[in-house]
Amino acid sequence: EAEVAVREAGARGMDKMDDKDLRAACASLVVFGFDSAGRESNEHARRMIAKGCVCAILFGRNVESPEQVKSLCSDMKLEALAHGRKLLVMADQEGGRVARFGGEQSFTDIPSAREVASCSAGTGAVTSIAKVMAAELKAVGVDMDLAPVLDVDSNPNNPVIGDRAFSSNSARVAELGGAFITAMQEQGVATCAKHFPGHGDTIQDSHEVMPLIKHGRARLLETEIPPFRRAIENDVAAIMVGHLSVPELQSPAEVQLGLPASMSREIVDFLRKGLGFKGAVLVDDMEMGAVTTSGTVGDAVVRALNAGADLLPVCHSESLQNEAIDAIYRAVKAGEVSAERFEGAVKSVETLLSWASPPARDLTIVGSPGHLEIVKSILQR
């Protein structure tokens, strides 16, 4: 039913949808995360799927072993199928210190982007690593990797990016990021480039506060933007917009209101019209400090949706996930979000669901000697 609602919203318009279908379509724009003591699909997850959510995000709290992750993803996907739709599962699997699946859980340990980039094999190393990552993600039912990080590591005092970035050189980040995207997507796993328009030159962490990017437009176009331009050329499935203040790319009114890039129509329009991006626009987690310190999650998701975002992650709290869905529904009903904008977002999500895999996979490759040897040989070069 909900998948029909998603298709109908994009294809024939919300004016022909009943109230139940409209609510399900609103829920399809919210990515949900959940905590489960036994690391299995629980009532929280089932309730969100029943409401119409079509994207779930996993964290380390949801991971114990390849077998367990496969079972978790399969259970959620079967639950979605029972409601007549697909479910796309995503996770932040960058390598290094941001990896939801590692050696302790019997996956292959993946080095940080910086460490892989420093290998003599260069793009070949990135391609090989991305293929290993994609094979293991696909094996357990994870459909999209919230990677690569395309921020340029230009500020040594940055508390959150550092070795998550490939390089301090923009052209190098673009080259290696493009290789990562192509290799992973050729293996059937979607990628999401982040954190547009660039989180590299900040001294604040958007998990806590909203960082300020002080650079002028010329510098941004020369350094921060090229990796994302390359990602678009390489058909990246999604781009994540960060909770960053970037005055040179925002309107004076947006700056005065203190809106981050994730809620900036000017920045999303630049991504869409200026750079020609046609994929799904995500924003960073709506429960991060850069958002919650200045307003409610409900207000923030409506602002982000109106700015042009398609997928709105609310990664922890079920009550905030429900707040987000209800806020979208009320805004759409009241005309605060236009039918055109709402239908465009729903259509983008429907397109992204083409990456969602069925519920069964072969685990023999996960953490296999072959994968371990690939990583070892690359790091030894």
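Residues numbered from 1 in each chain as written. Predicted model: local features only at pLDDT ≥ 70, side-chain atom pairs only at ≥ 80, totals over all residues. Heavy atoms only, no water.

Enquirer: Would you mind showing me how to read the environment of E266 here?
Expert: Among the secondary structure elements, E266 is positioned in helix α11 (residues 265-274). Beyond its immediate sequence surroundings of up to four residues, E266 is in contact with L249, Q250, S251 and E254. (Helix = DSSP H or I, 4+ residues; strand = E, 2+ residues; numbered from the N terminus. Contact = heavy atoms within 4.5 Å.)

Enquirer: Looking at this structure, I do not really get the side chain of E254. What am I missing?
Expert: Inspection of the secondary structure puts E254 in helix α10 (residues 252-257). Buried and unpaired, E254 has no salt bridge, with R265 as the nearest side chain of opposite charge at 6.4 Å. Polar contacts involving the side chain of E254 include one to the side chain of S264, which spans 2.7 Å. Here E266 takes part through its backbone nitrogen, which lies 3.3 Å from a polar atom of the side chain of E254. Discounting residues that sit within four places of it in the chain, E254 has contacts with L259, S264, R265 and E266. (Buried < 20%, exposed > 50% of the residue type's maximum accessible area, 1.4 Å probe, protein only. Lys, Arg positive; Asp, Glu negative; His and termini not counted. Salt bridge = Lys/Arg side-chain N within 4 Å of Asp/Glu carboxyl O. Polar contact = N/O pair within 3.5 Å; in protein donor to acceptor, adjacent residues only side chain to side chain.)

Enquirer: Got a minute to help me understand the packing of aromatic side chains in this structure?
Expert: What characterises a pair of aromatic rings is the spacing of the ring centres plus the angle enclosed by the ring planes. By the definition in use, this model includes four aromatic pairs. Considering the side-chain rings of F32 and F34, the 6.0 Å spacing of their centres and the 35 degrees angle between planes classify their relative orientation as tilted. You'll find F32 and F34 in the same group, each marked buried. Within the aromatic cluster, the residues linked to one another by ring pairs are F196, F228 and F270. (Phe/Tyr/Trp six-rings, centres within 6.5 Å; stacked < 30°, edge-to-face > 60°.)

Enquirer: Is there a simple way to explain the nonpolar core in this structure?
Expert: Taken as a class, soluble globular proteins show a tendency for nonpolar side chains to be buried jointly. Ranked by size, the top nonpolar core spans 126 residues in total, and within it L58 and M76 carry the most contacts. Among the elements that line this core, the one with the most residues is helix α6 (residues 123-140), at 10 residues. In this structure M76 touches F32, F34, S41, A45, I49, A56, L58, L87 and V89, once residues within four positions along its chain are discounted. (Core = buried A, V, L, I, M, F, W, Y, C linked by side-chain atoms within 4.5 Å.)

Enquirer: Please explain the environment of H207 as it appears in this structure.
Expert: Its place among the elements puts H207 in the loop between β7 (190-196) and α8 (217-224). A relative accessible area of 42% means that H207 is categorised as partly exposed. Taking the C-alpha atoms as reference points, H207 and A345, 138 residues apart in sequence, are found 25 Å from one another. Leaving out residues up to four positions away in the same chain, H207 has contacts with V160, M288, G289 and A290.

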